[in-house]
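# An overview of the molecular structure
Read off the chains here:
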Amino acid sequence: MLKLSPNEPEYAVRLARAYVFANNFPHAFQVYDAKLAQIKPDDPKAPAAMGALLLDLDIPTDALPFLVNRRKQLDREGKQPSKDGRSRENHVLEIDANLVRAYARLGERQQAM
C-alpha cells in the first residue's frame, strides 16, 4: 500500500501500527520517522490514528495533542456520518479511551478519570 501511495499518511500509520503489533518496534519507528514525524497535531491531513500510534510507540507526550485535537474535531463535526462507516460514538469512544491511556501513562490519573 505504501509503495502505491507513498505520501498517504493514513497508510503509513497503519503500517507502523502493524509493525508495533508484530512487536517490530524498529520498523515501526522507521516508518514513523520517515513518513509521519513532520505532521503536526493541527494539520488537517493528520491521520485519525496518529495519537494511537504514538501511544503504541510509548510517546504519550506527543500523542496527547493529536488525541485532544481529534476529539475537538469530532465534536465540531457533530452527527455527520464518518468516512469509514463507523458510528460517531465509536470514534468518540476510541479517542476517549486513548486519552485515558495517554493521561495514565503521563501519571495524570486525575485527568484520566
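Residues numbered from 1 in each chain as written. Predicted model: local features only at pLDDT ≥ 70, side-chain atom pairs only at ≥ 80, totals over all residues. Heavy atoms only, no water.

### Comments concerning the nonpolar core
- Formed by 27 residues in total, the largest nonpolar core has its most connected members in Y32, L36, M50, L53, L54, L57 and L67.
- At the level of elements, α1 (9–21), α2 (25–36), α3 (50–56), α4 (60–77) and α5 (88–105) are the ones that each hand at least two residues to this core. (Core = buried A, V, L, I, M, F, W, Y, C linked by side-chain atoms within 4.5 Å. Buried < 20%, exposed > 50% of the residue type's maximum accessible area, 1.4 Å probe, protein only. Helix = DSSP H or I, 4+ residues; strand = E, 2+ residues; numbered from the N terminus.)

### Concerning the pattern of salt bridges
- Tallied over the full model, the rule gives 5 salt bridges.
- Between D75 and R71 there is a salt bridge; the shortest N-O distance is 2.4 Å. One end of the pair, D75, and the other, R71, are both in helix α4, 4 residues apart, so they sit about a helical turn from each other.
- Overall, the relative accessible area of 44% leaves D75 in the partly exposed class.
- D96 is the partner of R71 in a salt bridge, and the nearest nitrogen-oxygen pair spans 2.7 Å. Of the two residues, R71 is situated in helix α4 and D96 in helix α5; the sequence distance between them amounts to 25 residues.
- Here the residues in one salt-bridge network are R17, D56 and R101, joined through shared partners. (Salt bridge = Lys/Arg side-chain N within 4 Å of Asp/Glu carboxyl O.)

### Some points on the confidence of the model for the protein
- Averaged over every residue, the pLDDT of the protein is 88; the share at 70 or more is 86%.
- When mean pLDDT is compared element by element in the protein, α3 scores highest at 97, while helix α6 (residues 109–112) scores lowest at 75. (pLDDT = per-residue confidence, 0-100.)

### Brief notes about α2
- Considered for burial, the residues of α2 that qualify are A28, V31, Y32 and L36. With its buried residues spanning 100° around the axis, α2 presents them on a single face. Residues P26, Q30, D33 and A34 are exposed on α2 and point more than 90 degrees away from its buried face.
- In the core, the buried residues of α2 are packed alongside α1 and α3. (Arc of directions from axis to C-beta. Contact = heavy atoms within 4.5 Å.)

### Overview of unusual backbone geometry
- Although it is not a glycine, N23 adopts a positive phi angle of roughly 65°.
- On the secondary structure map, N23 appears in the loop between α1 and α2.

### Some remarks on the packing of α1 against α2
- With their axes 7 Å apart at the nearest point, α1 and α2 run at an angle of 165° to one another. Classified by the angle their axes make, α1 and α2 are roughly antiparallel. Pair α1 / α2 crosses with left-handed handedness. Here α1 contributes P9, A12, V13, L15, A16, Y19 and V20 to the contact with α2, which in turn contributes F25, H27, A28, V31, K35 and L36. (Axes fitted to C-alpha atoms, helices over the stretch in contact; angles between N-to-C directions. Parallel < 35°, antiparallel > 145°, perpendicular 65-115°, else oblique. Left-handed = near helix turned anticlockwise from the far one by under 90°.)

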